[in-house]
Amino acid sequence: MTARQKIIIDTDPGQDDAVAILLALASPELEVLGITAVAGNVPLHLTERNARKICELAGRPETPVFKGAIRPLLRHLVTAEAVHGKTGLDGPDLPEPSMKLQPGHAVDFIIDTVMHHNAGTVTLCTLGPLTNIALALNRDPRIAPRIQRIVMMGGGYFEQGNVTPSAEFNIYVDPHAADVVFGSHIPIVMMPLDVTHKALTTRKRVDAIRAIGTPVGKATAELLDFFERFDETKYGTDGGPLHDPCVIAWLLKPELFSGRECNVTIETMSELTLGATVIDWWYVTDRPRNAHVMRDIDADGFFALLTERLARL
Ligand code: BDR
Ligand code: CA
């Protein structure tokens, strides 16, 4: 058997984060070294608790969960309760977790883990604002060349923004952190709204997950039922975009996605377009290519993979 891909999941759960965590924990190709929580969709005391709830739902309470940054580098925290509900995980009735949070800070865990594993063997999967990652890079820049890659959900270009007309939520919440990450020279695979808006939780797809018939299948369907209602109203679609699991799916089956290497620069100055991901898709500048930006997804293949994996938990 080939070695499992070692990953750290940095996240602000969030229903779609939760499904991404379940997908990772269900997949034998991946070794989840730890989950680091960040403030984003809801404040930190909820995101770290939600991460633990999901580990317990998956039957994996031994997964180390760490608490990270309580607010963005420079700005006040912007949250998204309108989308995710008051708890961030509205939908199913999940029990309070009994597994404990790990002692220590998420940023120290990221640094120690990257420094103690062989260079080029740890991938960071980022599903929320990039605050923890930027703090780790600023605190110990020696980690940058040792990180295998960052696979992130964030940004948008052809689809523009979802929280302002020009910015996607994860980047908008902490644009300064995103700026640090895109300037780090770490290989980046980026899942922007251009991809995730094609991964819709249609009725048929959610029903297939519910039909798994296990507690995980039922809870996931309930998470998605709650999560999609906001975007269905907003976009008039059958189902909402299932953003964060695209990150994990790329690690498992990269052939489901297509995109190209280009330069991504973050707008950090403009009030009007703060947090915009300026993507040089058409190569009209000579700015260096710093990310593999995805644009398309085989959505049926993605949901087939997700459903098959969730059935294993
Ligand atoms: C991103 O923002 C959050 O609301 C979701 O969890 C996802 O990570 C989509 O813009
Ligand atoms: Ca998220």
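Placed above this text is the structure.
Keep in mind that this is a model prediction, so the values were computed, not measured. (Residues numbered from 1 in each chain as written. Chains lettered and ligands numbered in written order. Predicted model: local features only at pLDDT ≥ 70, side-chain atom pairs only at ≥ 80, totals over all residues. Heavy atoms only, no water.)

What is the right way to look at the overall build of the chain in this model?
Counting secondary structure elements, the chain contains twelve helices and ten strands. Here the C-alpha radius of gyration of the chain, 18 Å, is about what a compact globule of 313 residues would show, namely 20 Å. Its C-alpha atoms put the chain at 50 × 45 × 40 Å along the principal axes. Burial analysis of the chain (313 residues in total) assigns 59% to the buried set. Taking as baseline every contact in the chain between residues at least 6 positions apart, the subset at least 24 positions apart corresponds to 82%. Surface summary for the chain: the accessible area is close to 12400 Å², and the carbon and sulfur share equals 54%. Side-chain charges of the chain comprise 30 positive and 39 negative groups, with the mean position of each set lying 3 Å from the other. (Helix = DSSP H or I, 4+ residues; strand = E, 2+ residues; numbered from the N terminus. Rg over C-alpha atoms; globule rule 2.2 N^0.38 Å. Buried < 20%, exposed > 50% of the residue type's maximum accessible area, 1.4 Å probe, protein only. Contact = heavy atoms within 4.5 Å. Areas by Shrake-Rupley, 256 points an atom, 1.4 Å probe, with all protein chains shown as cover. Lys, Arg positive; Asp, Glu negative; His and termini not counted. Charge placed at Lys NZ, Arg CZ, Asp CG, Glu CD.)

I keep staring at the coordination of the calcium ion (ligand 2) and nothing clicks. Help me out?
Six octahedrally arranged donors around a metal ideally form angles of 90 or 180 degrees; four tetrahedrally arranged donors ideally form angles of 109.5 degrees. Asp12 (OD), Asp17 (OD), Asp17 (OD), Leu127 (O) and Asp244 (OD) make up the full set of protein donors to the calcium ion (ligand 2), lying at 2.2 to 2.6 Å. Taken in sequence order, the residues that donate to the calcium ion (ligand 2) follow the motif D-x4-D-x109-L-x116-D. Of this pair, Asp17 sits in helix H1 (residues 15-25) while Leu127 sits in the loop between strand E4 (122-126) and helix H5 (131-139), placing them 110 residues apart in sequence. Grouping residues by exposure puts Asp17 and Leu127 together as buried. (Donors = N, O, S within 2.8 Å, 3.2 Å for Na, K, Ca; no water.)

Explain the pairing of strand E1 (residues 5-11) to me, please; I cannot follow it from the model alone.
Here is the key point about a regular strand: its side chains alternate between the two faces of the sheet. A large share of E1 lies buried, amounting to six of its seven residues. Sheet analysis places E1 next to strand E2 (residues 30-37), joined by seven bridges and oriented parallel. Bridging across to E2, Lys6 finds its partner in Glu31. Between the parallel elements E1 and E2, the chain passes through H1 in a crossover that is right-handed. In terms of strand pairing, E1 meets E4 through five bridges, oriented parallel. Looking across to E4, one finds that Ile7 is bridged to Thr123. (Pairing = 2+ DSSP bridges. Right-handed = clockwise from strand over helix to strand, strands pointing away.)

Got a minute to help me understand the nonpolar core in this structure?
Across soluble globular proteins, you tend to see nonpolar side chains buried next to one another. Ranked by size, the top nonpolar core spans 55 residues in total, and within it Ile7, Ile9, Met191, Ile248, Phe257 and Phe302 carry the most contacts. Among all residues touching Ile9, those that are not within four sequence positions of it are Ile21, Ala24, Val32, Gly34, Ile35, Thr36, Cys125, Leu127 and Ile248. The next biggest cluster of nonpolar side chains, apart from the first, holds 36 residues, and it includes Leu124, Ile133, Ala134 and Ile279. (Core = buried A, V, L, I, M, F, W, Y, C linked by side-chain atoms within 4.5 Å.)

Looking at this model, I keep getting lost on the site of ligand 1. Mind explaining?
The full set of residues close to ligand 1 is Asp16, Asp17, Asn41, His84, Leu127, Met153, Asn162, Glu168, Phe169, Asn170, His243 and Asp244. In the model, an oxygen atom of ligand 1 is placed 2.7 Å from a nitrogen or oxygen of the Asn41 side chain. Within the side chain of Asn170, an N or O atom sits 3.0 Å from an oxygen atom of ligand 1. Relative to its unbound accessible area of 280 Å², ligand 1 is 96% covered by the protein chains. (Near = heavy atom within 4 Å. Polar contact = N/O pair within 3.5 Å; in protein donor to acceptor, adjacent residues only side chain to side chain.)

Help me understand the packing of H1 against helix H2 (residues 44-57) in this model?
Axis angle and axis distance: for two packed helices, these are the angle between their axes and the distance between the axes, and together they describe the pair. It is the contact of H1 with H2, at a shortest axis distance of 10 Å, that shows an interaxial angle of 40°. With respect to H2, the axis of H1 lies oblique. Taken as a pair, H1 and H2 cross one another with a handedness that is right-handed. Facing Ala18, Ile21, Leu22 and Leu25 of H1, the residues of H2 in contact are Ile54, Cys55 and Leu57. For the contact of H1 with H2, the residue count by class is seven nonpolar, no polar and no charged. (Axes fitted to C-alpha atoms, helices over the stretch in contact; angles between N-to-C directions. Parallel < 35°, antiparallel > 145°, perpendicular 65-115°, else oblique. Left-handed = near helix turned anticlockwise from the far one by under 90°. Nonpolar A, V, L, I, M, F, W, Y, C, P; charged D, E, K, R; others polar.)

Help me understand the packing of H5 against helix H7 (residues 175-182) in this model?
Relative orientation of the contacting elements H5 and H7 amounts to 55°, with a least axis distance of 8 Å. Classified by the angle between their axes, H5 and H7 sit oblique to one another. In terms of crossing hand, the pair formed by H5 and H7 is left-handed. Touching Thr131, Ile133, Ala134, Leu137 and Asn138 of H5 are Ala177, Val180 and Val181, all from H7. Class assignment for the residues of the contact of H5 with H7 results in six nonpolar, two polar and no charged.

Quick question: what am I supposed to make of the layout of surface pockets here?
A probe matching the size of a water molecule, rolled over the atoms, marks out where space remains unfilled. Of the pockets and cavities examined, the largest pocket occupies roughly 290 Å³. Lining the largest pocket are 24 residues; nearest its centre among them are Asn41, Val83, His84, Asn162 and Phe169. Secondary structure elements with two or more residues in the lining of the largest pocket: H1, helix H3 (81-84), helix H6 (169-173) and helix H10 (215-235). If one sorts the elements of the lining of the largest pocket by residue count, H10 sits on top with five residues. The residue makeup of the lining of the largest pocket, split by class, is ten nonpolar, seven polar and seven charged. Taken together, 14 residues line the second largest pocket, and the ones lying closest to its centre are Phe182, His185, Pro288, Arg289 and Asn290. Across the lining of the second largest pocket, the residue classes tally to six nonpolar, six polar and two charged. (1 Å grid on protein atoms, 1.4 Å probe; cavity = no way out; pocket = protein on both sides within 12 Å on 5 of 7 lines; lining within 4 Å. Points joined across faces, edges and corners; volume = space filled by probe spheres on them.)

The values reported here are purely geometric and, on their own, carry no functional implication.
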